[in-house]
Amino acid sequence: MSLSEIPLTKEDFEQSAYEEIITNCDKKICERYSSKFFEKAKEAQELGNITDQAALTLLGCVTSPRLKSESNDEPFAALWVMNDGSRSPIPTDFSDAHLNIIRDFVPDITDAELRARIADILWIRLHDYRMAQLAVDSYLASASCLEDPEKWTYCVDRIERALRLSRKSNQKQHSSKVIAHIEFVLDKYQGEDKLFLSVKLMELLQEQKQGEPSKYSALAEKAALRAESEHNWHKARDCWGVKVGWHKMEKDSDKEREAGTRLAETYVKEAEDALERETPSYLTASRHLQSAIEAFRRVGGEAAKQQVEVLHKKLIEYQKQSRSELVPISQELDISEFVKEARRYVEGKNIQDALFSLALIAKSPKVSELKARVEENAEKFILQRFFPIVIMNEQGKVVGRQSSVRDEMFREAVYHQQMQAEAVIAPAMYQINLEHNVKISDFYPIVANSAFVPQGREDIYARGLYAGLVGDYLVATHLLIPQIENSLRSILSDRGFITSGLNDDGIQDEHNINTFFREKESELIHIFGEDITFDLQGLLVQKGFGSNLRNWSKLLQIYCQLLLNASGSRAVSSCPMAVLFILMRVSRFCCCRDDMRSHIAINSSILATIRCCSANGGRGIKALFNFARVTLVIATPDISSRMRE
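Computed from a predicted structure; not experimentally measured. (Residues numbered from 1 in each chain as written. Predicted model: local features only at pLDDT ≥ 70, side-chain atom pairs only at ≥ 80, totals over all residues. Heavy atoms only, no water.)

Student: Would you mind going over the overall build of the chain with me for this structure?
Tutor: From N to C terminus, the chain includes 30 helices and 4 strands. Across the chain, contacts joining residues at least 24 apart in sequence account for 66% of those joining residues at least 6 apart. With the model as given, the accessible surface of the chain reaches about 33,500 Å², and the carbon-plus-sulfur share is 50%. (Helix = DSSP H or I, 4+ residues; strand = E, 2+ residues; numbered from the N terminus. Contact = heavy atoms within 4.5 Å. Areas by Shrake-Rupley, 256 points an atom, 1.4 Å probe, with all protein chains shown as cover.)

See below:
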């Protein structure tokens, strides 16, 4: 309901029976008050009682904002926000008239929760220190009413807001009141509350550099040991963490390290619990061991280092066992029409035309489209932000964690490569092998006089491409991947870029391919275009979310998968196949963009010759057209689209 500007008095609020509404609420919190105030305001509207409607609507709006006790500057947020930008009320929505009305009314409010809320809003808007004092006192009174070790958040939120408000408004006396209240509650429970009430209150004391470290470190240890006895590892960790904080305050590094060690050990114990369940989970145990290793590393010291080594070995064992717990998720997709079209694309052609067509049959995914797709999915599937993707290898080891849009783009590119390999490239290669007895020499025209293939390396490229076409991916990748690195080095060097380092001993080691993509990415994009550069990076060197084929263990993994799959239908490996496809494209069509003008001039003369031949009956036109087609493609950055045109 919207706020009205109807003049209201204290008597109007009293006559609205707001106190009765509060009394009937099962929980004395503003969230419950708000819904009831709006409900009664609607009833008053239906009865035509405009004054009650206005008073109850104003109270509903005042109690509606959500308390963010952890924030110093913006302690209230809208309870809801719609897609069109509309939202529930926040403190800045109230007019001066509204503020004047509730300022006159607030001293007479008997309910501590409502009084704290109104006084807090008045402090935020008017910066009246008296309202800050009233709000602090009222928050503490409300916290006492809401104090419950089982439902501890309501109480802690009010205490935290009182503490931050007293500091923000520079009310030192009231800050001392809040600290005294916290210590009173801690003494009352002595660390025996089942959940997190004492833990959070001690954290507030530490944040403000308050409290006696020796006293509360013992309390934290008591709470931690009790939590461990109940196998409540989450609480135990928090308690040991609080104990670490107390020892840090008193600058006792030995006790701090000891408490940190006890914290790290809770992860190990939780991992053991995961294996003692009725259905053991090595996947869960592995996750806890990873956390334990990180916690021990933070502790530091020789003992912690030795423990990390022991846990790392155990982690590797658990990760191997965890693979059996992963549930495969698959989706069927009919690609039969794509397969037929791919085979027709190379069918009935001589070997050179067939290989030429193979190089043009697909293209690298567009970086702009990958980014747009990832951003769209992020908006559509919001929960993915809270559960980032983890990439595991065949041994269960974590090799990648999603941390950026670019990571997800590489993963999307892998899907693109898999689809093109299965639906387009593999069927075309199969058709070529079916119609031709392919030889290594058939690839010489592709690699000869190519700006991508350095002089003297043609035979290696030809042998590698041949091995890939006939399905020997292990040989193909082992031959070609080192050559790609050399080709990139050669191309960059020809353009005047330094491709080696210089250390303090005067040694000039050549940069590897990782360095090229990290430090020379813009130059590679200028030469090959953004899409091919991104594709090569993902295929060759991107760890985790890319294929990382330059990693030899990855190649062996692919080879083993091929051997396992070979007994069934034709084995397909999308990653090496994608590399072969890109190499055929860049080897056949790579040229310096600086030389495009000369190629365009040649194209014009060739096209004129074709027109002349056509006018004379078309003799020899096929050969000339093929030559013109190749030359046109050389001078064209977007090869695939131009060829299809």
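Student: Where do I start with the packing of helix α8 (residues 153-168) against helix α9 (residues 172-189) in this structure?
Tutor: What describes two packed helices is the angle between their axes and the distance between those same axes. α9 packs onto α8 with a crossing angle of 155° between their chain directions and a minimal axis gap of 8 Å. Considered as vectors, α8 and α9 are oriented roughly antiparallel to each other. In terms of crossing hand, the pair formed by α8 and α9 is left-handed. On α9, the residues that touch Ile159, Ala162, Leu163, Ser166 and Arg167 of α8 are His174, Ser175, Val178, Ile179, His181 and Ile182. Residues of the contact of α8 with α9, tallied by class, amount to 6 nonpolar, 4 polar and 1 charged. (Axes fitted to C-alpha atoms, helices over the stretch in contact; angles between N-to-C directions. Parallel < 35°, antiparallel > 145°, perpendicular 65-115°, else oblique. Left-handed = near helix turned anticlockwise from the far one by under 90°. Nonpolar A, V, L, I, M, F, W, Y, C, P; charged D, E, K, R; others polar.)

Student: Explain the pattern of salt bridges to me, please; I cannot follow it from the model alone.
Tutor: Close approach of charged atoms lets side chains of opposite charge pair. Tallied over the full model, the rule gives 32 salt bridges. Two residues, Lys243 and Glu221, come together in a salt bridge whose shortest N-O distance is 3.2 Å. Of this pair, Lys243 sits in helix α12 (residues 233-249) while Glu221 sits in helix α11 (residues 213-229), placing them 22 residues apart in sequence. Classification of Lys243 by relative accessible area gives buried; the value is 10%. The exposure class assigned to Glu221 is partly exposed, which follows from its relative accessible area of 30%. Note that Lys340 is salt-bridged to Glu337, the shortest N-O span being 3.9 Å. A residue pair is termed a helical-turn pair when its members lie 3 or 4 positions apart in one helix, as Lys340 and Glu337 do in helix α16 (residues 336-346) at 3 residues. (Salt bridge = Lys/Arg side-chain N within 4 Å of Asp/Glu carboxyl O. Buried < 20%, exposed > 50% of the residue type's maximum accessible area, 1.4 Å probe, protein only.)

Student: What's the story with the side chain of Ser69 in this structure? I'm lost.
Tutor: Along the polypeptide, Ser69 turns up in the loop between β1 (66-67) and β2 (76-77). Owing to a relative accessible area of 3%, Ser69 belongs among the buried residues under this scheme. Within the structure, Ser69 has its side chain in polar contact with the side chain of Glu160 (distance 3.0 Å). Discounting residues that sit within four places of it in the chain, Ser69 has contacts with Asp157, Glu160, Arg161 and Arg164. (Polar contact = N/O pair within 3.5 Å; in protein donor to acceptor, adjacent residues only side chain to side chain.)

Student: Sorry if this is basic, but what is going on with a nonpolar patch on the surface here?
Tutor: The grouping of Leu79, Trp80 and Met82 at the surface amounts to a nonpolar patch, some 310 Å² of accessible area in total. Of note, Trp80 is situated in the loop between β2 and α5 (96-105). Among the residues examined, Trp80 registers a relative accessible area of 42% and is labelled partly exposed. (Patch = residues over 30% accessible without salt bridge, like charges linked within 9 Å, V, L, I, M, F, W, Y side chains within 5 Å.)

Student: Hey, could you run me through the packing of α9 against helix α10 (residues 197-207) in this one?
Tutor: The contact between α9 and α10 brings their axes to 10 Å, and the two run at 145°. Judged by the twist between their axes, the crossing of α9 over α10 is left-handed. Contacts between α9 and α10 pair Ile179, Ile182, Glu183, Val185, Leu186 and Tyr189 from the former with Leu197, Ser198, Leu201, Met202, Leu204 and Leu205 from the latter.

Student: Sorry if this is basic, but what is going on with the environment of His174 here?
Tutor: Following the sequence through the fold, His174 ends up in helix α9. Accessibility expressed as a relative area gives 8% for His174, which makes it buried. Sequence separation between His174 and Ala162 is 12 residues; the distance between their C-alpha atoms is 8.6 Å. Dropping the residues within four chain positions of it, His174 is found in contact with Gln133, Val136, Asp137 and Ser166.

Student: I tried to follow the environment of Asp531 on my own but got confused; where do I start?
Tutor: Turning to its location among the elements, Asp531 is positioned in helix α25 (residues 530-540). Remark: the alpha-carbon pair of Asp531 and Leu370, spanning 161 residues in sequence, is separated by 10.0 Å.

Student: Explain the environment of Tyr267 here, please?
Tutor: In this structure, Tyr267 sits in helix α13 (residues 253-275). Sequence separation of Tyr267 and His234 is 33 residues, and the distance between their C-alpha atoms is 9.1 Å. Once you skip the residues sitting within four places of it in the chain, Tyr267 turns out to touch Arg237, His288, Ser291, Ala292 and Ala295.

Student: Sorry if this is basic, but what is going on with the packing of aromatic side chains here?
Tutor: Geometry of an aromatic ring pair is reported as the spacing of the ring centres plus the angle between the planes. Following the criterion strictly, the structure yields 9 aromatic pairs and no others. Consider the rings of Tyr18 and Phe105, whose centres lie 5.2 Å apart with planes at 80°: the pair is edge-to-face. Separated by 87 residues along the polypeptide, Tyr18 in helix α2 (residues 18-23) and Phe105 in helix α5 bring together distant segments of the chain. For the pair Tyr18 and Phe105, one class covers both residues: buried. Centroid distance Phe410 to Phe534: 4.3 Å. Interplanar angle 5°. Geometry classified as stacked. Taken as a pair, Phe410 in helix α19 (residues 405-435) and Phe534 in helix α25 lie far apart in primary sequence, 124 residues in all. In this pair, the class of Phe410 matches that of Phe534, namely buried. Ring pairing ties together the aromatic residues Phe13, Tyr18 and Phe105, which thus form one cluster. Across the ring face of Tyr345, the terminal group of Lys349 is positioned such that the distance to the ring centre comes to 4.9 Å. (Phe/Tyr/Trp six-rings, centres within 6.5 Å; stacked < 30°, edge-to-face > 60°. Lys NZ or Arg CZ within 6 Å of the ring centre and 35° of its normal.)

Student: Is there a simple way to think about the nonpolar core in this case?
Tutor: Nonpolar side chains tend to gather and get buried jointly when the protein is soluble and globular. Counting 86 residues, the largest nonpolar core has Phe13, Tyr18, Ile118, Ile182 and Leu201 as the members making the most contacts within it. With residues near it in sequence (within four places) discarded, Ile118 still touches Leu59, Val62, Ile102, Phe105, Val106 and Ile109. With 46 residues, the next largest nonpolar core counts Ala428, Phe443, Val453 and Ile484 among its residues. (Core = buried A, V, L, I, M, F, W, Y, C linked by side-chain atoms within 4.5 Å.)

Student: It is not clear to me how α10 should be interpreted in this structure. Could you clarify?
Tutor: With 8 of its 11 residues buried, α10 lies for the most part within the structure. Those residues of α10 that fall on the buried side of the exposure criterion are Leu197, Ser198, Val199, Leu201, Met202, Leu204, Leu205 and Gln206. If you follow the buried residues of α10, they end up packed against α8, α9, α11 and α12.

Student: I tried to follow the confidence of the model for the chain on my own but got confused; where do I start?
Tutor: Low-pLDDT portions of the prediction should not be read for the details of their coordinates. For the chain, per-residue confidence averages 82 on the pLDDT scale, and residues scoring 70 or more make up 81% of the total. The low-confidence segment residues 562-572 (pLDDT under 50) makes 12 contacts with residues lying over four places distant or belonging to another chain. Every residue in residues 591-645 is under pLDDT 50, and counting partners more than four places away or in other chains gives 59 contacts. (pLDDT = per-residue confidence, 0-100.)

Student: Quick question: what am I supposed to make of α12 here?
Tutor: Residues that lie three or four places apart on an α-helix share one face, since the helix turns once every 3.6 residues. Given a rise of 1.5 Å per residue, 17 residues ought to cover 24 Å, and the 24 Å separating the end C-alpha atoms of α12 matches this to within 8%. Most of α12 is tucked away, with 12 of its 17 residues classed as buried. For α12, the set of buried residues is Trp233, Lys235, Ala236, Arg237, Cys239, Trp240, Val242, Lys243, Val244, Gly245, Trp246 and His247. Elements in contact with the buried residues of α12: α10, α11 and α13. (Expected span 1.5 Å × (residues − 1).)

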